[in-house]
Amino acid sequence: MACIGNMMMADKELNELQNQFMKMDKDNDGFLSIEELKDGVKSALGDVFLSQDYYDQMLLAIDTNQDGKIDLTEFLTAAQNRARALSVSKL
Ligand SMILES: [Ca+2]
Ligand SMILES: [Ca+2]
């Protein structure tokens, strides 16, 4: 697995995110496709409508190596960035 050692994240939180990633990865190929991302967001947020543009932007933001799919490292980085943004906004 890619090095995520310098992430300041609790093991429990990391485990939960890994579980979430595996749940979203329906075909178990180790990557989230845009379709799997959509399904994951839908099951997390309920029955909301988000435009194709929104998902395209989301994929662009998360997919740092630009291979068109999201690996675990990218997923964890995105989750951590979001957590950081949330904690900053609370200050
Ligand atoms: Ca997949
Ligand atoms: Ca990628």
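Predicted model, so just to flag it, every value in this text is computed and none were measured.

## With respect to the overall build of the protein
So, point 1. The helix and strand tally for the protein stands at four helices and two strands.
So, point 2. Reading the helices (α) and strands (β) of the protein from amino to carboxyl end gives α-β-α-α-β-α.
So, point 3. The buried share of the protein, reckoned over its 91 residues, is 8%.

## Some words on unusual backbone geometry
So, point 1. Residues other than glycine seldom take positive phi values, yet Asn 28 does so here, at roughly 55 degrees.
So, point 2. Looking at the secondary structure, you find Asn 28 in the loop between helix H1 (11–24) and strand E1 (31–32).
So, point 3. Owing to 7 C-beta atoms within 10 Å, Asn 28 belongs among the exposed residues under this scheme.

## Structural notes on helix H2 (residues 34–45)
So, point 1. Compared with the 16 Å implied by 1.5 Å per residue over twelve residues, the 16 Å span of H2 between its first and last C-alpha is a close match.
So, point 2. Following H2 by one or two positions, Gly 46 adopts a phi angle in the positive range, close to 85 degrees.

## Let's talk about the packing of H2 against helix H3 (residues 52–62)
So, point 1. At their nearest, the axes of H2 and H3 sit 11 Å apart, and the two run at 110 degrees to each other. The angle between the axes of H2 and H3 places the two elements in the roughly perpendicular class. Here Ile 34, Leu 37 and Lys 38 of H2 lie close against H3, whose contacting residues are Tyr 55, Met 58 and Leu 59.
So, point 2. When its residues are assigned to classes, the contact of H2 with H3 shows five nonpolar, no polar and one charged.

## Comments concerning the confidence of the model for the protein
So, point 1. On average, the protein scores 86 in pLDDT, and the residues at 70 or more come to 87%.
So, point 2. Ranking the helices and strands of the protein by mean pLDDT puts E1 first, with 98, and helix H4 (residues 72–90) last, with 83.

## With respect to the environment of Leu 14
So, point 1. Mapped onto the secondary structure, Leu 14 falls in helix H1.
So, point 2. Leu 14 gets classed as partly exposed once you count the C-beta atoms within 10 Å, which come to 15.
So, point 3. Separated by 62 residues in the primary sequence, Leu 14 and Leu 76 place their C-alpha atoms 7.8 Å from one another.

## Section: the environment of Ala 61
So, point 1. In this structure, Ala 61 sits in helix H3.
So, point 2. Note on Ala 61: 11 C-beta atoms within 10 Å, which makes it exposed.
So, point 3. Residues Ala 61 and Glu 74, spaced 13 residues apart in sequence, show a C-alpha to C-alpha distance of 9.6 Å.

## Regarding the environment of Ile 34
So, point 1. Of note, Ile 34 is situated in helix H2.
So, point 2. With 34 residues separating them in the primary sequence, Ile 34 and Gly 68 have C-alpha atoms 7.8 Å apart.
So, point 3. Beyond its immediate sequence surroundings of up to four residues, Ile 34 is in contact with Tyr 55 and Leu 59.

Conventions used here
Residues numbered from 1 in each chain as written. Chains lettered and ligands numbered in written order. Predicted model: local features only at pLDDT ≥ 70, side-chain atom pairs only at ≥ 80, totals over all residues. Helix = DSSP H or I, 4+ residues; strand = E, 2+ residues; numbered from the N terminus. Buried ≥ 20, exposed ≤ 12 C-beta atoms within 10 Å, placed from the backbone. Expected span 1.5 Å × (residues − 1). Axes fitted to C-alpha atoms, helices over the stretch in contact; angles between N-to-C directions. Parallel < 35°, antiparallel > 145°, perpendicular 65-115°, else oblique. Contact = placed C-beta atoms within 7 Å. Nonpolar A, V, L, I, M, F, W, Y, C, P; charged D, E, K, R; others polar. pLDDT = per-residue confidence, 0-100.

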